[in-house]
Every structure is written in C-alpha cells, then in structure tokens.
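# Remarks on the overall topology
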Amino acid sequence: MKNTGKTGSKAPNVIPRAAHNVSRAEISKAALKVLYRLHKSGYQAFLVGGGVRDAMLELHPKDFDIATNATPEEVRSLFSNCRLIGRRFRLAHVRFGREIIEVATFRAAANHEDDDSAHDTEGRIIRDNVYGTIDEDVWRRDFTCNALYYNIADFSIWDYTGGFDDVKRKRLVLIGDPAQRLREDPVRMLRAVRFAGKLGFSIDKSVVNAMRGHTELLANVPAARLFDEFLKLFQSGFAERTFELLREHKLFGELFPATEEELSQDERFLAFTQAALQNSDKRVAEGKSVTPMFLLGVFLWMPIKKLAEIRRSEEKMSESQSLSLAAYEIVSQQQRRISIPKRFTVPMREMLALQPRFAQVRGKRAMNLLQHRRFRAAYDFMLLQSEVGLGDPELGKFWTDVQTQSTDEQARSFQMPAAQGADKKRRPRRRRRRKPTQES
Ligand code: ATP
Ligand code: MG
C-alpha cells in the first residue's frame, strides 16, 4: 500500500486526561478489560469511534470499538473468548456474556482516488485490507468526531483531525475531501444524518454541499447493507428527527421511492408517518421493544393502498385480497432498494391485510379478530390512522373499548346472537360467501 503522503503521519494533538471529560466510568468493564490486557501485553490499545464520542457527550455509550497494533491472531492468542470474523478485513470479537467488544487492527486507508486497484468506477472502496499504523488508521474513518482515540496507557485522547473541537461544537465534518469520501462510501450520507439525528449535531456545510450531488449513489449500495442502516436509522430512538433530516437532504426518496412520492402529495399520510415515528421513539424511550415491520408497514401503506385500488378496479376481488396482492408487489419493488428479511415482510403483510376487517364490528368473524395473532399490531396500526384522520375515530374507539370488556359484554358489542338470551333461533345463513382471504 503506497502512502499518499497527503494525509498520513501527521502528529496528533494529545489531550491529557486532565483536559477532557472521558471517564473510565463511561466505558464498560468488558471494554476496559480488553484495553488493559492489550496494553499489558505490550500493544497499543485505544478506544475509538462512537465510544469516545458518546462518552465525551456523557451519553453512556453501549457499543465499544477498540483499535490496536496487535494483529487479529495476536488478539486471539490473548483472549480465550475471542473469534475472528470477516473475510475482506479480519476483526477480532471478544465476547463477555452478551457484550461483544470489536477489536480492529490499525489499517491504512485506501484514500487515493486515482488508485484504480482500490476503487470501482464510481469511486467506491473495494479494497481496504492493509494493516497500518494509528496515523494511517485515522484517515479511513468517516467523521472527525468518530476519529478520536482514547489511549488506555495514560487516558489521553489522540486527535489527528480536529474531532475534539468538533464534538464540543457539535458538528459533523468529514475527514478529507467530502465529495471523495462520499463517493468512496455513499452510506456515509446516511451516517451523517443518523448522527445528526441522534446527537443533535449539525452537518457541516461542506458535507451538505457534497451530499447534494451524490444522493443517487445510494442506488449502488448493496440492499442488505441498506437494511442494516435502515434499522440503525429508525430504531435508535430518534426516528422522527432522523426522518425529517433524511427528507431534507433528499435521501429518504433514495431509500423509499414509492413512499416519498406519496408523502410529497398527501398531508395526512405525512401526519400518519410522523405519528408512527413519534410513537416508536416514545417506545424506545420507555424501554419497550420496537419491530421494524410496523414502520415498514407505515412507510409502504399508502403506495400499497393506491395500488390495491387499481388492482380492484381491474379485477373483482375483496379489499383484503387486493391489499395482499398490492402488498406483495410493492414489497418486491422495495426489496430492490432495501432487502427486508421475510421474518418482517410476512407479518407486515398480514398486519396490512387485516385493516379492512376493523370496519366489520358485528358477528363472530368480527369478534374472532381479537384472537388473531396479528391483532395487536394491526390494532395499533388502525388506531394510529384514526388518530390522524386517516381512519374512522369511532372505529378506533370501538376496538379500544371492546378489548377491556368481559366475554359477555364483547358478545353484546359484536351483537352476537348468543348474547340475546336462551332462545337461539338460528337465522338462516346468508349464502353469498366471501372468497377466502390470504391472511393468517
Ligand atoms: P454508533 O456505534 O453509535 O452507531 P459509531 O461511530 O461507533 O456509532 P460504528 O458503525 O460502530 O459507528 O463504527 C465505529 C467506527 O468505525 C466509527 O466511529 C468510524 O470511525 C468507523 N466507521 C464506521 N463506518 C464507517 C464508514 N462507513 N466509513 C468510514 N469509517 C467508518
Ligand atoms: Mg460503534
């Protein structure tokens, strides 16, 4: 790997322990153990990335990345609870119960745009698998705030890029030439927005300007990687703010083109989406679980509904059937951008196909909806719509109330014949049956 000389081997600004607020109390026991053992074995050992950044911000980091000059094999020989992962670049994972500490050997950046062997025709990095020193490692990182190295030897912070100041001033600045760094890896645009949403940082003008010409490069990013990024964007508890930023920077439409088209022309769909994101953030804040299938259902709901109407005008079918069919089509289309695992698309489609059933509030079939395994999610989905004027508020109230009733009361609410007393004269059953739908 040739050294470009452009960026490497600049001396770091070393910030002594007395001049910064990163305390070991903010670092997990497991991460400290790894750092200390590497150090005692004669290696350099630094905490780097989000762990240092979030500790400076007193955000109680949960994820700790360690950088060292020990090779992965040397790391493995120090820890019995260690596995090496990754083909392109080997990383060591040291496990402590449920916590995994990632240990990466310093590596040199593939930071020369005209080095053909390391970039594809769009400038994306295809090879960055060369071990290096810390003063090379720093230049391959994305933002200056993510390139602070906390040295376990003396608890100082090594800053090569001005990241220390940028954390203090709460701004996201890309290391190096912003346009080049975005071409190397377009996911950095999503990371900018994610950190801005989570940390309340501003995105530096130089980055915003570079983003403008590069949003469409996200189309070249593998769909599986975008799913991972989607989860980080929307499950971290700052989904609403992140969503606004994604739209502001014209990134949301790159991820969800059909959704963006509807959002730009339908105020109520926008309100519904915002309400769902708020709801999801609230759940995260309360320590409750969130499932990506719910938000995916929200995002895709309007495109699916519209297509279902078209399909219904073309062919006679029930509302549920047309929704199932349209959901299948829209999800397949969406998969080309973001590959969503089946374990999310299947329940999502079930949840959406149940929506028309909330309009039926009489009889056994209506009452049985309460037992459906997707009832809870489908109910939340329906209620959210009724709250923003996308659905009937009366229905929302009916299905909310009925859940707290006794079985007898429920039978009355659903006007079941059994509730009317002993005399159960059977009404002749109506012959015209609906075609079976695809749910459950
Ligand atoms: P968080 O863990 O809160 O999501 P983080 O900054 O630790 O934030 P990670 O994805 O855990 O993010 O990555 C760890 C570090 O690796 C980053 O801080 C950054 O220095 C570097 N890094 C990660 N992804 C990229 C990327 N796409 N381009 C350049 N550097 C990256
Ligand atoms: Mg991290």
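Higher on the page you've got the structure.
Counting starts from 1 at the beginning of each chain's written sequence and moves along it residue by residue. Just so you know, chain letters begin at A and ligand numbers begin at 1, following the order they were written in. Side-chain atom pairs in this predicted model are given and counted only at pLDDT of 80 or more, local residue features only at pLDDT of at least 70, and totals for whole chains, interfaces and linings cover all residues. Excluded from the side-chain calculation are hydrogens and water; included are all heavy atoms of the structure.

## Section: the side chain of Ser 156
Strands here mean DSSP runs of E at least two residues long; helices mean DSSP runs of H or I at least four residues long; both are numbered from the N terminus. Its location among the elements puts Ser 156 in strand β10 (residues 156-159). Using a relative accessible area of 2% as the deciding quantity, one classes Ser 156 as buried. At 3.4 Å, the side chain of Ser 156 forms a polar contact with the side chain of Trp 158. Burial here depends on accessible area, computed with a 1.4 Å probe over protein chains only, as a share of the maximum for the residue type. Under 20% is buried, over 50% is exposed, and the range in between is partly exposed. Distance and chemistry together define a polar contact, namely a pair of N or O atoms within 3.5 Å, with one atom able to donate a hydrogen and the other to accept it when in protein, and with adjacent residues in sequence counting only for side-chain atoms on both sides.

## Looking at the pairing of β10
The two faces of β10 match: Ser 156 and Trp 158 on one face and Ile 157 and Asp 159 on the other face are all buried. Direction of pairing for strand β1 (residues 13-15) relative to β10: antiparallel, over a ladder of three bridges. Its bridge partner being in β10, Val 14 is matched across the sheet by Trp 158. Here strand β9 (residues 148-151) pairs with β10 via four bridges, running antiparallel. Looking at β10, one finds that Tyr 150 is bridged to Ile 157. Strands were regarded as paired on the criterion that DSSP finds at least two bridges between them. In sequence, β9 turns back onto β10 through a hairpin of four residues, with Phe 155 there showing a positive phi of about 65°.

## Examining the pairing of strand β2 (residues 45-48)
What you see with β2 is no split at all: Ala 45 and Leu 47 on one side and Phe 46 and Val 48 on the other are buried throughout. In terms of strand pairing, β2 meets β9 through three bridges, oriented antiparallel. Bridge pairing links Leu 47 to Tyr 150 in β9.

## A word on the pattern of salt bridges
A side-chain nitrogen of Lys or Arg and a carboxyl oxygen of Asp or Glu constitute a salt bridge if their distance falls within 4 Å. Scanning the model with the defined rule gives 23 salt bridges in all. Ionic pairing is found between Asp 137 and Arg 140, a salt bridge with its closest N-O pair at 3.3 Å. For the pair Asp 137 and Arg 140, one class covers both residues: buried. A salt bridge links Asp 165 to Arg 169, with the nearest nitrogen and oxygen atoms 3.8 Å apart.

## As for the site of ligand 1
Throughout this document, a residue counts as near a molecule or strand when at least one of its heavy atoms sits within 4 Å of that molecule or strand. Inspection of the region around ligand 1 gives 16 residues, with Asp 63, Asp 185, Arg 188, Arg 194 and Lys 198 positioned closest. Between Arg 191 and ligand 1, the recorded distance is 3.0 Å, taken from a side-chain N or O atom to an oxygen atom. In this structure, Lys 198 approaches ligand 1 through a side-chain N or O atom, which is 2.9 Å from an oxygen atom. Note that accessible areas follow from Shrake-Rupley with a 1.4 Å probe, and for residues the cover is restricted to the protein chains shown. Taken by itself ligand 1 offers 580 Å² of open surface, and the protein chains cover 81% of this. Broken down by secondary-structure element, the contributors of at least two residues to the shell around ligand 1 are α2 (50-56) and α7 (187-199). Polar here means any residue other than Ala, Val, Leu, Ile, Met, Phe, Trp, Tyr, Cys and Pro, which are nonpolar, and Asp, Glu, Lys and Arg, which are charged; Gly is therefore polar. When its residues are assigned to classes, the shell around ligand 1 shows one nonpolar, three polar and 12 charged.

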